[in-house]
Amino acid sequence: MYDWLIQNSTIVDGSGKPRYQADVALEQGKIAAIAPSISAGLARQVLDAAGLVTAPGFIDIHSHSDTYFLLDDRAESRIYQGVTTELAGQCGSTIYPCPADHMERIRQFAGEEVAEYASASLGAFLEKVARNNKKMGTNLAPLIGHGALRCGVMGYEDRKATPAEMEQMRSLLQRDMESGAWGLSLGLGYTPGLSSDRPELCSLGEIVARYDGLVTSHMRDQGLGTPTSLDEMYEIYRRSGARIHIAHFKASGRKAWGKAPEFAANLHAAQQAGIPVTADVYPYCAASSGITNSFPKWTIQGGTGRAVAMLQDPSQRGVIIEQLEQAFDTPEAGKALYVVTTGGLYPPADGKDIWQLSQELGLSMAETIAKVTVETKASATCISFAMCEEDVDHMLSQPDFAIGSDGISLPLSPSENKGKPHPRNYGTFPRFLRLAREKGFCDLETAVHRITGLSASYIGLPDRGLVQPGYVADLTLFDPQTVADRATYEDPFQKPEGICHVFMAGQPALLHGRQTEHRLGQFLLKR
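Everything in this summary refers to the structure shown in the same document. (Residues numbered from 1 in each chain as written. Predicted model: local features only at pLDDT ≥ 70, side-chain atom pairs only at ≥ 80, totals over all residues. Heavy atoms only, no water.)

## As for the packing of helix H4 (residues 146-154) against helix H6 (residues 198-210)
Line of reasoning, step 1. Closest axis-to-axis distance for the H4/H6 pair is 13 Å, and the angle between their directions is 110°. Put simply, H4 runs roughly perpendicular to H6. Within the contact between the two elements, H4 uses His146, Leu149 and Arg150 and H6 uses Glu200, Leu201 and Leu204.
Line of reasoning, step 2. Grouping the constituent residues of the contact of H4 with H6 by class yields three nonpolar, one polar and two charged. (Axes fitted to C-alpha atoms, helices over the stretch in contact; angles between N-to-C directions. Helix = DSSP H or I, 4+ residues; strand = E, 2+ residues; numbered from the N terminus. Parallel < 35°, antiparallel > 145°, perpendicular 65-115°, else oblique. Contact = heavy atoms within 4.5 Å. Nonpolar A, V, L, I, M, F, W, Y, C, P; charged D, E, K, R; others polar.)

What follows is the structure in structure tokens.
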């Protein structure tokens, strides 16, 4: 007796192959059978999916949901998009590993809300989660953050690692790869990752390569310096053998606008030369990060606290202000940087762009950014409209670029959020399906492939990402004609349209457009 039978739907199986009509039977968490017609009498529960597409559960290949389930296990912003699995621990940021004698470092790196879960290893973190009976709304496939690794061993010191420190980082990474991590994530635009050099990254890549893991990278420069940043990634492969993945590939900053075709061609040329490099993109013109992401990188080497200290030092403040004035030299530049939240530290800035706030304060935009930075101790979260639509569209049109959100699991209620977060948290995958339909980036089969089977292949997930017998029954059922995002920058807290049912391990997480009481997520470990 099957547990569930999905009848009358169109199967888009995640491989990119043509769609077909069939029924899908689920049993004991797996896809048990696919056939043109399966009798309803063979199943305990039957779902009529006429007019809908049955696809693999969507896989977010670039997620920051790592610890959000500790605070809220619903994962509403993900489930309502059809996401069932997330590759988490991106941009160098995890709350493990750390040498046992430096645990205070990783607790500070983790942040106050989840500091108690900061751990010496991935294994220790998983034990804490199990011990406290924490549930999850989606599956999480964990990476190891290079920033966390470096912070645990070296703190925020802006220097090369010593041989002893290098060996300690390699040892910690190997232990966590043994525990089932999928690879190493780099955050080379952030402290402390930006203090690393190529030999350090290549040495750590050697450990990842032993386990056929993935090195994902937020590169040092995502603007005009992208070719040099890409070359650094290619060198990691050449010297370590590790597979390389470029996170949120883009042409960032006005000076780089129009460069997306060149950057994409660079990556494709590397592939032709035999380098196993892949990429993901997201379908928005804005990024989201901390306020110091708009500062010159040298100001945060050694930690974002350095930028705050320099702004409070009259002998150094002028240098930063001068460079900020060059970057924010027009009202348009100021309007492109929007403060999501200051965490209660400077409420006058919440929900305002830098141009608007500068007018209210009677300050230059550079002085306004400096004030927000000092008042919040560099903790303000911002949205930055850094890309142009033509470049985003070009990246989205590349059939081998997977789709990742760069987002997190958040509640739908505005009162449960801080400020107005980036709409990508709520709309990435329906938005991509809508844009593919409206702009003709690719056909439906390819679009589904890029958010399911393609991502699974890049990560190395063995039993997800396809609608095939024997695979885990993670499935998303949606209306291909109406699926669309509704989240906006002004009002991100809106469910997408057209996502009707979501199954995880054969049980409904979303049924008839409503989340169920089940929390079906688990940690997926590489074995």
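## Notes on empty space enclosed by the protein
Line of reasoning, step 1. The full count for this structure, using the stated rule, is three cavities of 30 Å³ or more.
Line of reasoning, step 2. Computed from the structure, the largest cavity encloses a volume of approximately 90 Å³.
Line of reasoning, step 3. Together, His248, Phe249, Lys250, Ala251, Ala260, Val281, Tyr282, Tyr284, Met387, Asp391, Val392 and Met395 line the largest cavity.
Line of reasoning, step 4. In terms of residue count, the dominant contributor to the lining of the largest cavity is helix H14 (residues 389-396) (three residues).
Line of reasoning, step 5. A per-class count over the lining of the largest cavity returns nine nonpolar, one polar and two charged.
Line of reasoning, step 6. As a volume, the second largest cavity reaches approximately 80 Å³. (1 Å grid on protein atoms, 1.4 Å probe; cavity = no way out; pocket = protein on both sides within 12 Å on 5 of 7 lines; lining within 4 Å. Points joined across faces, edges and corners; volume = space filled by probe spheres on them.)

## Some thoughts on the pattern of salt bridges
Line of reasoning, step 1. As enumerated under the stated definition, the model contains 33 salt bridges in all.
Line of reasoning, step 2. Measuring nitrogen to oxygen at the nearest pair gives 3.9 Å for the salt bridge that ties Glu113 to Lys418. Remark: Lys418 occurs in the loop between strand E17 (402-403) and helix H15 (424-439) and Glu113 occurs in the loop between helix H2 (103-110) and helix H3 (122-131); sequence separation between them is 305 residues.
Line of reasoning, step 3. Of the residues examined, Lys418 reaches a relative accessible area of 54% and is grouped as exposed.
Line of reasoning, step 4. The residue Arg431 makes a salt bridge to Asp485 at a minimum N-O spacing of 3.0 Å. Taken together, the residues span a long stretch of sequence, with Arg431 in helix H15 and Asp485 in the loop between strand E18 (475-478) and strand E19 (499-504) at a distance of 54 residues.
Line of reasoning, step 5. Several salt bridges share partner residues, and in doing so they unite Asp72, Arg74, Glu76 and Glu416 into one network. (Salt bridge = Lys/Arg side-chain N within 4 Å of Asp/Glu carboxyl O. Buried < 20%, exposed > 50% of the residue type's maximum accessible area, 1.4 Å probe, protein only.)

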